[in-house]
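Read off the chains here:
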Amino acid sequence: MINKIYNIVSHSKLQNYALICICILAIAYPIESKSMPDVSKAFGDVEFQTTQLKPLKLNSFEGKVIVLFFGYTHCPDICPTALLDISKTLKELGRDAARVQPIFISVDYKRDKPEILEQYVKFFDERIIGLSSNKLNIDKISKYFKINYSLLDSQSENYLVEHSSNLYVIDKDLIVKKIIPNGLPSTEITKAIKKLIN
């Protein structure tokens, strides 16, 4: 019995020691940046369509803080809410908003043509850019950002699209610095941006 208790206590001490070591390593070598998706290739590898009929790549926005959201124009709730939050953030930033480029990428490659998308995003704020592309490019960028999307019953005229709803804050060097889950207040977006522009 005594030996059994001794083994339990010794094992417990070993676990505590291991936990302390892990905590020290976590403080010394933060892993936040490593946990973010590596999207470096996405900025030069994926082409989008614009109303100017010129192909556009995300690396053309290098030097600005990018706020990026994936959605679609027929979205009943999540996308309008996210775009309203982005609009609020731009107002909260005041003059600093000129150093930020908000981008809305549509995953609905069937319906969201450049003209429709531009009209949609400008309703929320003139400074938001709406981008669309073909299935090949949307699949590419989805893989880079590790997002999911699915066109449900796409043979129907009013089909819905399931999609990831995180918002990405990307620094001037095109590195993802913050992923903001859907549902957090716009002040969280503003805080994340201010850290990168101050």
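Refer to the structure presented above.
Scoring rules and cut-offs
- Residues numbered from 1 in each chain as written.
- Predicted model: local features only at pLDDT ≥ 70, side-chain atom pairs only at ≥ 80, totals over all residues.
- Heavy atoms only, no water.
- Phe/Tyr/Trp six-rings, centres within 6.5 Å; stacked < 30°, edge-to-face > 60°.
- Buried < 20%, exposed > 50% of the residue type's maximum accessible area, 1.4 Å probe, protein only.
- Lys NZ or Arg CZ within 6 Å of the ring centre and 35° of its normal.
- Pairing = 2+ DSSP bridges.
- Helix = DSSP H or I, 4+ residues; strand = E, 2+ residues; numbered from the N terminus.
- Axes fitted to C-alpha atoms, helices over the stretch in contact; angles between N-to-C directions.
- Polar contact = N/O pair within 3.5 Å; in protein donor to acceptor, adjacent residues only side chain to side chain.
- Contact = heavy atoms within 4.5 Å.

*Asks:* Before we go on, may I ask you to explain the packing of aromatic side chains in this structure?
*Replies:* Aromatic ring pairs are described here by two measures, namely the spacing of the ring centres and the angle between the planes. Per the stated rule, a full pass over the model turns up 9 aromatic pairs. Ring geometry for Phe123 versus Phe124: centroids 5.3 Å apart, planes at 90°, classification edge-to-face. Phe123 sits in the exposed class, given a relative accessible area of 68%. Given the relative accessible area of 13%, Phe124 is considered buried. Clustering of aromatic rings is evident, with ring pairs tying together Phe69, Phe104, Tyr120, Phe123 and Phe124. Directly above the aromatic system of Tyr159 lies the positively charged group of Arg111, at a separation of 3.6 Å from the ring centroid.

*Asks:* I'm lost on the sheet that holds strand β1 (residues 65-71) in this one. Help?
*Replies:* Backbone-to-backbone hydrogen bonds join strands into a sheet, with any given pair of strands oriented parallel or antiparallel. On the basis of which strands lie adjacent, the open sheet formed by 5 strands has the order β3-β2-β1-β6-β7 and mixed pairing. Every interior strand has two partners, whereas the edge strands, β3 (129-131) and β7 (176-180), have only one. In this sheet, adjacent strand axes meet at a mean angle of 25° when their direction is disregarded. Of the strand pairs in this sheet, strand β6 (residues 167-170) and β7 are connected by 4 bridges, and their pairing is antiparallel. Paired with Val169 across the strands is Lys178, a residue of β7.

*Asks:* Quick question: what am I supposed to make of the side chain of Ser132 here?
*Replies:* For Ser132, the position within the fold is in the loop between β3 and α6 (135-145). A polar contact is formed between the side chain of Ser132 and the backbone oxygen of Asp112, at a distance of 3.3 Å. In this view, Ser132 contacts Phe48, Gln49, Asp112, Lys113, Pro114 and Leu117; residues no more than four positions away in its chain are not counted.

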